[in-house]
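Listed here are the chains, written in short residue letters.
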Amino acid sequence: MIDKRIVETIGFDADDTLWESNNFYIDVSEKFYEIMRRYCSDAEIRAAFVAREEDNIAELGYGAKAVILSMIETAIRLYPSIESRVIEEIIAAGRVLFRVPTIMLPNVCETIEALQKKYRVIIITKGEVSEQSRKFDNSPLPHDIPYFILGDKSPESYRRLLKRENIPCESFLMVGNSPRSDVLAPVEIGAQACYIPYHTTWAHEDMPIPEHERIATLSDIGDLRHILL
């Protein structure tokens, strides 16, 4: 259970916590699998693509450009003689990720508005700066909320950010849908975390949530008002 007595700052993840994101990436991935099934089995394509994404994360980070490049590399590795027109088809399928709308999830705006009256609220996301900035700019959230875009949300990334912002780890609460980035990483540095499952989770972020005195699992972001106010 979260100890609200020591919470001073609340950090919110962005993608799939505040607004929809992974749905769009799944749609693009499925289109890629559909294209590549002309040449390979579905299982082979999916395994190769996930592995390529994992290999590329350290260098390319997270976002639309990284996904498109991973699809192209996977296609060429699976079928070296693949035609250029098919590569163009793959690129076209991925380009839609640059134009996705910012669709807010239920109860987000009113919850953040309520919590701002008592706590310092910040947003911490990861990915490409231009992509994440566009989503935030197109959202109805107050644009004076501090918005931090990290290359990765590792324990050390959190530690550096909190130190720079003069936020004690023990007074920080992170809220998000990704077990690895939004729950386990901040808890590792002494913070608390609220896990709000989304109906899809990126394969690279999915892992079991352990029972822990500084972790709470909620069914809806609106539940934060009940446990923190």
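Predicted model, so just to flag it, every value in this text is computed and none were measured.

Conventions used here
- Per chain, residues are indexed from 1 in the order of the written sequence.
- Only residues with pLDDT of at least 70 get local features here, since the model is predicted, and only at 80 or more are side-chain atom pairs given and counted; chain-wide, interface and lining totals rely on the full set of residues.
- To get the side-chain values, take all heavy atoms of the structure and skip hydrogens and water.
- Exposure categories follow from relative accessible area, calculated using a 1.4 Å probe and restricted to protein chains: below 20% of the type maximum is buried, above 50% is exposed, and the middle band is partly exposed.
- Numbering of helices and strands runs from the N terminus; a helix is a DSSP stretch of H or I covering at least four residues, while a strand is a stretch of E covering at least two.
- In this context, the arc is that of the directions from the helix axis out to the C-beta atoms.
- What makes two residues a contact is simply this: any of their non-hydrogen atoms within 4.5 Å.
- For two strands to be treated as a pair, DSSP must find no fewer than two bridges joining them.
- Throughout, right-handed denotes a crossover for which the path from the first strand over the helix to the second runs clockwise when the strands point away from the viewer.
- Here the aromatic set is Phe, Tyr and Trp, taking the six-membered ring for Trp, and pairing holds for ring centres within 6.5 Å; pairs whose planes are under 30 degrees apart are stacked, those over 60 apart are edge-to-face, and all others are tilted.
- Throughout, a disulfide means two cysteine sulfur atoms within 2.5 Å of one another.
- Residues enter a nonpolar core if they are buried and are Ala, Val, Leu, Ile, Met, Phe, Trp, Tyr or Cys, with the set joined through side-chain atoms within 4.5 Å.

J.: I tried to follow helix α6 (residues 129-137) on my own but got confused; where do I start?
T.: Given 3.6 residues per turn, any residue in an α-helix points the same way as the ones three and four places further on. Every buried residue of α6 is listed here: Glu131, Gln132, Lys135 and Phe136. Looking down the long axis of α6, one finds its buried residues gathered within 130° of arc, a one-sided arrangement. For α6, the exposed residues set more than 90 degrees away from the buried face come down to Val129 and Ser130. In this structure, the buried side of α6 is in contact with α1 (22-36), α3 (64-78), β2 (120-126) and β3 (147-150).

J.: Would you mind showing me how to read the pairing of β3 here?
T.: The side chains of a regular strand alternate, residue by residue, between the two faces of the sheet. Relative to β3, β2 is paired through 4 bridges, and the arrangement is parallel. Its bridge partner lying in β3, Lys126 is registered against Leu150. In this view, the connection linking β2 to its parallel neighbour β3 by way of α6 has right-handed handedness.

J.: Which parts of the structure should I look at to understand the packing of aromatic side chains?
T.: The geometry of an aromatic ring pair is captured by two quantities: the separation of the ring centres and the angle between the planes. If you walk through the whole model with that rule in mind, you get 6 aromatic pairs. Judged by centre distance (6.0 Å) and plane angle (50°), the ring pair of Phe32 and Tyr33 falls under tilted. Here Tyr33 falls in the buried class, since its relative accessible area comes to 6%. Ring plane angle 55° and centroid distance 5.4 Å describe the contact between Phe32 and Phe49, whose orientation is recorded as tilted. Taken together, the residues Phe32 in helix α1 and Phe49 in helix α2 (residues 42-60) connect sequence positions 17 residues apart. Overall, the relative accessible area of 1% leaves Phe32 in the buried class.

J.: Explain the environment of Phe148 to me, please; I cannot follow it from the model alone.
T.: Relative to the helices and strands, Phe148 resides in strand β3. Sequence spacing of Phe148 and Val129 is 19 residues, and the spatial spacing of their C-alpha atoms is 9.4 Å. When near neighbours in sequence (up to four residues on either side) are disregarded, Phe148 contacts Ile122, Ile123, Ile124, Thr125, Leu161, Arg164 and Glu165.

J.: Looking at this model, I keep getting lost on the state of the cysteines. Mind explaining?
T.: What is meant by a disulfide is a covalent connection between two cysteines, made through their sulfur atoms. Evaluation of the coordinates by the stated rule reveals 0 disulfides. Cysteine Cys169 remains unbridged, with the sulfur of Cys194 as its closest cysteine sulfur at 17 Å. The class for Cys169 is buried, based on a relative accessible area of 18%.

J.: Please clarify how the nonpolar core should be interpreted in this entry.
T.: The tendency in soluble globular proteins is for nonpolar side chains to be buried side by side. Membership of the largest hydrophobic core comes to 28 residues, with the highest contact counts inside it found for Ile10, Phe12, Leu18 and Leu224. Beyond its immediate chain neighbours, meaning those up to four positions away, Ile10 contacts Leu115, Tyr119, Arg120, Val121, Ile122, Phe172, Leu173, Val175 and Leu228. Within the second largest apolar cluster, 23 residues are counted, among which are Val28, Ala64, Ala75 and Val86.

J.: Any chance you could explain the pairing of strand β1 (residues 9-12) here in plain terms?
T.: Neither face of β1 is left uncovered, since the one carrying Thr9 and Gly11 and the one carrying Ile10 and Phe12 both have all their residues buried. The pairing of β1 with β2 spans 4 bridges and is classified as parallel. Looking at β2, one finds that Phe12 is bridged to Ile123. Relative to strand β4 (residues 172-176), β1 runs parallel, the two sharing 4 bridges. Looking at the pairing, Gly11 lines up with Met174 of β4.

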